[in-house]
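Each chain, letter by letter, is given below.
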Amino acid sequence: MGEFKVHRVRFFNYVPSGIRCVAYNNQSNRLAVSRTDGTVEIYNLSANYFQEKFFPGHESRATEALCWANGQRLFSAGLNGEIIEYDLQALNIKYAMDAFGGPIWSMAASPNGSQLLVGCEDGSVKLFQITPDKIQFERNFDRQKSRILSLSWHPAGTHIAAGSIDYISVFDVKSGSAIHKMLVDRQYMGVSKRKCIIWGVAFLSDGTVISVDSAGKVQFWDSATGTLVKNHLIANTDVQSIAISDQEDSFVVGTAEGTVFHFQLVSVTSNSSEKQWVRTKPFQHHTHDVRAVAHSPIALISGGTDTHLVIRPLMEKVEVKNYDAALRKITFPHRRLVSCAKKKQLLLFQFAHHLELWRLGSTVATGKNGDTLPLSKNADHLLHLKTKGPENVICSCISPCGSWIAYSTASRFFLYRLNYEHDNINLQRVSKMPAFLRSALQILFSEDSTKLFVASNQGSVHVIRLLEGSFKHLHTFQPQSGTVESMCLLAVSPDGNWLAASGTSAGVHVYNVKQLKLHCTVPAYNFPVTALAIAPNTNNLVIAHSDQQVFEYSIPDKQYTQWSRTIQKQGFHHLWLQRDTPITHISFHPKRPMHIFLHDAYMFCIIDKSLPLPNDKTLLYNPLPPTNESDIIRRRTAHAFKISKKYKPLLFMDLLDERTLVVVERPLDDIIAQLPPPIKKKKFGT
């Protein structure tokens, strides 16, 4: 693997936003997740749970409801009173429409996907017709006395259940009138509470309405008679969310204590056809409130204040016991939030509403392998760049020379020139940036810092020449005819001649920067690209996909390299393929052309192409024999994959020079320490 001096960085004070809503799409097997800062993320569950798309947040968009409708259309609503539809191709907001009912607390799409219901602060339930281009208001249902906090359609689309404060209403969709009003008992552990909030409802085909409330109860109601059938007291705190399976044989609820409960419909006796709902499994994978749950055919999905997205597979539903059967916790975004200026040893950290520029510390001490060296000069916080306006930062980058910083929001693009005078920084903003640069999804500087490449959400890539304090637009690489896919990843060759761009699903396009034309397109693969980079000298493009496959493609020869063909023929080690976090960064050693550096959140790896590939019988994570063995034996038993799990969770890793690495870690304990305190639970014996 070689010896490196490692800068171990832990001062990136990044805290993900808490999860507010989740919505599962059974047709496309995708999961939409909204966070408290308004960010919406799309996870492709078929592509190893990869976060393939995201929509940046906004200070005034507090999302309270999220749902899929009509197949591939995604809607959200929140406390600003607007209904938003997202453009899943251009990765921006298609339109926002005011519902004119005050803050929106709940939303549900009809079973056939043609209608949308929203529940508002003023007690109104509004029905919208989903047209091909927009949504159109149809009518109001009977107004209730308090806000509508939860909604659910009957699977036949004839009735809806609406949860409010102290009662549940059942509406007839055709007439819009309330046919039943079911009062919820305020009693909680023998004490009468002031109010009982119905946080969630689910309407079953047989007319049963399941409700969860702030008194810790799961209740079953008969919607035909408006009576309570069964009551489960499952928590001392609020039960905040509910989701039911498509077969209606199980459902999941989440509580404010961080516990997720699974209910299943089971036979009363072994020979009986009579069935009843039974609480079967409790799961404690969260430390804080579970604000949202979803039920896929094979897993229970939950998220909440502790920022984790937890996927808990149902073992009886998983056919093949592979890595799909493993518990997953997704905490960090599957995109880069850190960029590096190697020549000046600077790191740029991206937050939602500001950027931070740091200079790495240095040491003059020496030591043996594994020693922690004391700093002779501490890391310096050079710059705190606050963004303008309420929009979140989409992407950012610092040039390799450290003289330029660029970042983008949904409506604006910013470019700054940095001048260093001893310990002071002079920041100069470049004015009159063209409008076509806004909503950039990826920004990249050339190795010599003379060009800026900007990937737009319309599928085009813009090439900008950087001058002293100004710029010049050189060219725009247009998308292929008939495609408007957003470009999410960029890679430029060290000599500046080649540019690779990848979208959310199609193949990787390689452009000739000197001739300003498309050079070739890498054959499309079934799984999305998670990282790509171009090697120096050889101009080989290394591509990592979400299923953990790694390809090497020769740009000059327009074909896969022999090493790539060999590894595809033999196959990767089964432990390599079972990793559950995607590779997010690839880099190369300047003096060792056979080495490829790459990392995910829990390991970094050096692939030595000169060594044989490991097979399933060899150890993947411990390939080297004891050091007292001879070099000949060590060489014979070594394989190409050198993996280190010392640094984790790993947000960024790169080579500063031949002998120096920088790694940026974000320990989970540091994140939890900055969250609000969880509900205190009494433990036995304390």
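Everything numeric in this text was worked out from a predicted model, so none of it was measured.

1. A closer look at the pattern of salt bridges
And step 1. Counted according to the given criterion, the structure contains 18 salt bridges.
And step 2. One salt bridge connects Asp 380 with Arg 359, and the closest N-O pair in it is separated by 3.5 Å. Of this pair, Asp 380 sits in strand β35 (residues 380-386) while Arg 359 sits in strand β34 (residues 354-359); the two residues are 21 residues apart in sequence, bridging distant segments of the chain.
And step 3. Here Asp 380 falls in the partly exposed class, since its relative accessible area comes to 23%.

2. A short note on the sheet that holds strand β9 (residues 92-98)
Strands pair in a sheet through their backbones, by hydrogen bonds, and they do so in one of two ways: parallel or antiparallel.
And step 1. Strand order across the open sheet formed by 4 strands is β6-β7-β8-β9, with antiparallel pairing between neighbours. Strands at the two margins of the open sheet, each flanked by one partner only, are β6 (63-69) and β9. On average, each strand axis in the sheet is tilted by 25 degrees relative to the strand beside it, whichever way the strands run.
And step 2. Of the strand pairs in this sheet, strand β7 (residues 73-78) and strand β8 (residues 82-87) are connected by 4 bridges, and their pairing is antiparallel. Across the sheet, the residue bridging to Phe 75 is Glu 85, located in β8.

3. Observations regarding the side chain of Arg 328
And step 1. Looking at the element boundaries, Arg 328 is found in strand β31 (residues 328-330).
And step 2. Within the structure, Arg 328 has its side chain in polar contact with the side chain of Asn 48 (distance 2.9 Å).

4. Concerning the packing of aromatic side chains
And step 1. This structure, assessed with the given rule, holds 24 aromatic pairs.
And step 2. Look at Phe 128 and Phe 137: their rings are 5.6 Å apart centre to centre, the planes differ by 70 degrees, and that puts the pair in the edge-to-face class.
And step 3. Phe 128 sits in the buried class, given a relative accessible area of 2%.
And step 4. Between Phe 604 and Tyr 647, the ring centres sit 6.3 Å apart and the planes meet at 20 degrees, which makes this aromatic pair stacked. Pair noted here: Phe 604 is in strand β54 (residues 604-608) and Tyr 647 is in the loop between β55 (641-644) and β56 (650-657), with a separation of 43 residues, a long-range link.
And step 5. The exposure class assigned to Phe 604 is buried, which follows from its relative accessible area of 4%.
And step 6. Taking the relative accessible area as the measure of exposure, Tyr 647 reaches 9% and is therefore buried.
And step 7. Among the aromatic residues, those joined into a ring-pair cluster are Phe 11, Phe 12, Tyr 14, Phe 349, Phe 351 and Trp 358.

5. With respect to the side chain of Thr 409
And step 1. Summarising the element assignment, Thr 409 is placed in the loop between β37 (404-408) and β38 (413-421).
And step 2. Leaving out residues up to four positions away in the same chain, Thr 409 has contacts with Glu 391, Asn 392, Val 393, Ile 394, Arg 438 and Ser 439.

6. As for the sheet that holds strand β50 (residues 550-554)
And step 1. Strand order in this open sheet of 4 strands is β48-β49-β50-β51, and the pairing throughout is antiparallel. Strand pairing shows two members of the sheet lacking a second neighbour, β48 (529-534) and β51 (559-560), which therefore form its edges.
And step 2. For β50 and β51, the ladder comprises 2 bridges, and the chain directions are antiparallel. Residue Tyr 553 lies in a different strand from β51, and its bridge partner there is Tyr 560.
And step 3. Docked against the sheet, helix α1 (residues 562-570) engages β50 and β51, running at close to 150 degrees with respect to β50.

Quick notes on the rules
Residues numbered from 1 in each chain as written. Predicted model: local features only at pLDDT ≥ 70, side-chain atom pairs only at ≥ 80, totals over all residues. Heavy atoms only, no water. Salt bridge = Lys/Arg side-chain N within 4 Å of Asp/Glu carboxyl O. Helix = DSSP H or I, 4+ residues; strand = E, 2+ residues; numbered from the N terminus. Buried < 20%, exposed > 50% of the residue type's maximum accessible area, 1.4 Å probe, protein only. Pairing = 2+ DSSP bridges. Axes fitted to C-alpha atoms, helices over the stretch in contact; angles between N-to-C directions. Polar contact = N/O pair within 3.5 Å; in protein donor to acceptor, adjacent residues only side chain to side chain. Phe/Tyr/Trp six-rings, centres within 6.5 Å; stacked < 30°, edge-to-face > 60°. Contact = heavy atoms within 4.5 Å.

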